[in-house]
Amino acid sequence: MISEYQRLDPRIQKWIYRQGWSDLRELQKKAIPPILACDRDVLISAATAAGKTEAFFLPACSAIANIQGGFGILYISPLKALINDQYRRLESLGDALEMPVTPWHGDIAQSKKLRAKKNPSGILLITPESLEAMLIRSSGWLKQAFAPLAYIVIDEFHAFIGSERGMQLLSLLNRIDHILGRVNNPVPRVALSATLGELEKVPLSLRPNQRLPCDIITDSQVHTTLKVQVKGYLEPRTSIGKDPLPSAESQICHDIFRLCRGDSHLVFANSRKRTESIAATLSDLSEANIVPNEFFPHHGSLSRDLRETLEQRLQKGNLPTTAICTMTLELGIDIGKVNSVIQVTPPHSVASLRQRMGRSGRRDSPAALRMLIAEHELTPTSGIVDQLRLQLVQSMAMIRLLIDSKWFEPADTRQIHYSTLFHQILAIVAQWGGVRADQLWSQLCMDGPFQKVGSNNFKILLRHMGERQFLTQLSSGELVLGVEGERLVNKYTFYAVFSTPEEFRIVAGNKTLGSIPVDSPLLPEQHIIFGGRRWKVTDIDSDKKVIYVEATKGGQPPLFGGEGMSIHDVVRQEMLAIYREGDYKITVGEHKVDFADTSAISLFEEGLHYFNSNNLSSEFFIQQGQHVYILLWLGDQILNTLSALLLNSGFKTGSFAGVIEVEQTTVDEVKRVLAKILRAGLPSEFHLAESVPEKFLEKYDEDLPDVLLTEGYGLRAFDVEGVTRWLGKHL
DNA sequence: GACCTGCTGCGGCCTG
């Protein structure tokens, strides 16, 4: 029997030998037969640096080695930087096979693109947006250039699933099969990722119509050692007249300085503002200690130049370097491995934490994670969020889920994304010049990624697009671009399907406090926290993009960031489990492993004491002075729903860090009203969404018919069934 | 006050 290795092209075998590899990894061997077969989709899910890229490219290049007259492999990446990295990695393999590798994105010179256009061959590395432009601008050329296409491979596939970009990508892939006349014999798709939850459901996200079978290949050897620690910090209360104690951030910076100097680390700080302030403090500390600075910020608002300099410094590894970063260093940009990962304030998801962990762990040392968590010093007026030490317990819950349960959030595939459907209708019409409505329906909905859209709603959308002159119907029945459609498609910003979130100015009286992107439901009367203070929304002006607020009374504002948003049900349930057990430790064999330092332990005990003395194990509604607090221990979609129900019943309410506050009322009153709502039957998501004045979230939301906008918004923000279940259990 | 991603074609000017 011949080995997998021997099935590869002899020139590739020689290339492997020249790399000095003694053998292929298990994952790479396993991938050879299904990739060479070229008759099915393949999902390759394995840890960072496990050799996923080679697992695909070695057999795939083997299979297309002798293809002429067009591209054999289409590689799609969510990031330009990743395309540049992969280009560097694939060049020598390409040379060995005399197979060109062409990077193609917005920063690639026109001359290079023109050269590839004249002689398309080998491997094309591209972004979804550039592919969209190609389909719209040169579909005739594409039909020729992609004629021998054998594989479409998608890198960092988890970054696409369930998102607007993911829907666009699936539609693009369908459009390629269509243009090549391969609807019934589609081009095999290969997805690469390190962070795929509920793996068995992923093939449906790779090919919704399931026309090809999908093999799933995973890395069986997953015995990574991981060192974890949670460190607690106390944010001192502001005292007047005395020398202020160092702030929690200052204490944290001193520890980062001590822990990181001399090696390479990543510090995830969750927000640009905190990233900048920590990086600045660390640079000051270096100066004060007369040592060279090795701490630099990295986030999306920094220039590409600054970011790349830092990435190269990390990758070269000859100078100790610590990046203080946001999620920009989460995906697979080539920066090598770092000694440890530090997380300041809890991450927003376990999936994200897992991805970040993958950055740590060099050959000689195990992966290491530290979480540095600050909580406010308690005062007589401290709120429930502080008293419970929710930040700390959330961090502990996430660590337990990551290590103990090996759980992380699966992608949310419930959204419809009407905005992206609108975009793809325009894109397909622009690509073909004119199409019939039934062709759009079958390509996008029946056979494509928008399977959740019913024919009635599709008709509503098309009719609306006609009325608003995005589309025009010819006497033949064919749909072509209307005046407004032309206007959108001809803007070069058309190719991207996501928008940079619109910013709303927050105005109190005649003073602008700043601006925030509106990506969570905001209602008049709702309480928000901004600039460390509590505000009540008095009015929202969607046209001027202004939110008017006025100061509202209350105790000290609770300590939490935006991480309170979009927390998953499972995380909050794990938090409740920790309080109920009175223990956060992880069981390994017969031992309990403690990962908290003394300060974190004492903070945890404070939170636990509050939990137990208020009997929160069985009480979900509690009275504090004149306010009622509701603890659901569930995710934010359910929280939003209950919050909206209470607002619609005339209560003044807001929610912070998973806790709903209802002002000036009693537990009995709240329960009475909720019981009445439950008896009458809850309103639908659609009905709740109708009461939200600002519903524009995605790029073309403002061009949608109201009924579809409201439906999409309701599905995204609310979960009526979840609340019904919760109320049934706890009233 | 979570975070992140991406983009054409053409005319005009400059430099080697």
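Keep in mind it's a predicted model, so treat the numbers as computed, not measured.

**Points about the pairing of strand S23 (residues 621–624)**
With four bridges joining them, S23 and strand S24 (residues 627–631) adopt antiparallel strand pairing. If you follow Gln623 over to S24, its bridge partner there is Val628. Here S23 folds back onto S24 in antiparallel fashion, the turn holding two residues, of which Gly625 has a positive phi close to 60 degrees.

**Considerations on the packing of helix H16 (residues 418–432) against helix H17 (residues 437–446)**
Two elements in contact, H16 and H17, have axes whose closest approach is 11 Å; the angle formed by their N-to-C orientations is 135 degrees. Taken as axis vectors, H16 and H17 run oblique relative to one another. The handedness of the crossing between H16 and H17 is right-handed. In contact with Leu421, Gln424, Ile425, Ile428 and Val429 of H16, H17 contributes Leu440, Gln443, Leu444 and Cys445. Tallied by class, residues from the contact of H16 with H17 come to seven nonpolar, two polar and no charged.

**A few points about the sheet that holds strand S8 (residues 226–235)**
On the basis of which strands lie adjacent, the open sheet formed by six strands has the order S8-S13-S12-S9-S11-S10 and parallel pairing. The sheet is open, and its two borders are formed by S8 and strand S10 (295–298), each paired with just one other strand. For this sheet the average axis-to-axis angle between neighbouring strands, irrespective of direction, equals 20 degrees. Two strands pair when backbone bridges link them, and strand S9 (residues 265–268) and strand S12 (residues 340–344) are joined in this way by four bridges, in the parallel orientation. Bridge assignment links Val267 to a residue of S12, and that residue is Ile342. The sheet contacts of helix H12 (residues 304–316) involve S9, S10 and strand S11 (322–325), and relative to S10 the element is tilted by about 125 degrees. Sitting on the sheet, helix H15 (residues 390–403) is in contact with S8 and strand S13 (367–376), with an inclination near 160 degrees to S13.

**A closer look at H15**
Over its 14 residues, H15 extends 20 Å from the first C-alpha to the last, a length consistent with the 20 Å expected when each residue adds 1.5 Å. A large share of H15 lies buried, amounting to 13 of its 14 residues.

**Quick look at the UniProt feature "domain: Helicase ATP-binding" (unreviewed entry) in chain A**
The residues that UniProt annotates with the feature "domain: Helicase ATP-binding" (unreviewed entry) are residues 33–214. The distance from the first to the last C-alpha atom of residues 33–214 is 13 Å, and the span holds 46% helix and 16% strand.

**Concerning empty space enclosed by the protein**
All chains considered together, the criterion is met by three cavities of 30 Å³ or more. Considered as a void within the structure, the largest cavity measures approximately 140 Å³ in volume. As for the largest cavity, its lining consists of 14 residues, and the residues nearest its centre are Glu698, Asp701, Gly712, Tyr713 and Arg716. The leading source of residues in the lining of the largest cavity is helix H25 (residues 706–717), at five residues. Looking at side-chain class alone, the lining of the largest cavity contains seven nonpolar, three polar and four charged residues.

**Looking at the packing of aromatic side chains**
For the structure shown, the criterion picks out 21 aromatic pairs. Pairing Phe422 with Phe470 gives two aromatic rings, centres 5.0 Å apart and planes at 85 degrees, and the pair type is edge-to-face. Highlighted residues: Phe422 in helix H16 and Phe470 in the loop between helix H18 (455–467) and strand S14 (471–473), separated in sequence by 48 residues. Across the pair, Phe470 and Phe422 agree in class, each one buried. On the basis of an interplanar angle of 85 degrees and a centroid distance of 6.2 Å, the ring pair of Phe620 and Trp726 is categorised as edge-to-face. Of this pair, Phe620 sits in the loop between helix H21 (598–613) and S23 while Trp726 sits in helix H26 (residues 720–730), and the two are 106 residues apart along the sequence.

About the thresholds
- Residues numbered from 1 in each chain as written.
- Chains lettered and ligands numbered in written order.
- Predicted model: local features only at pLDDT ≥ 70, side-chain atom pairs only at ≥ 80, totals over all residues.
- Heavy atoms only, no water.
- Pairing = 2+ DSSP bridges.
- Helix = DSSP H or I, 4+ residues; strand = E, 2+ residues; numbered from the N terminus.
- Axes fitted to C-alpha atoms, helices over the stretch in contact; angles between N-to-C directions.
- Parallel < 35°, antiparallel > 145°, perpendicular 65-115°, else oblique.
- Left-handed = near helix turned anticlockwise from the far one by under 90°.
- Contact = heavy atoms within 4.5 Å.
- Nonpolar A, V, L, I, M, F, W, Y, C, P; charged D, E, K, R; others polar.
- Expected span 1.5 Å × (residues − 1).
- Buried < 20%, exposed > 50% of the residue type's maximum accessible area, 1.4 Å probe, protein only.
- UniProt positions renumbered as here; feature names shortened; annotations may be inferred.
- 1 Å grid on protein atoms, 1.4 Å probe; cavity = no way out; pocket = protein on both sides within 12 Å on 5 of 7 lines; lining within 4 Å.
- Points joined across faces, edges and corners; volume = space filled by probe spheres on them.
- Phe/Tyr/Trp six-rings, centres within 6.5 Å; stacked < 30°, edge-to-face > 60°.

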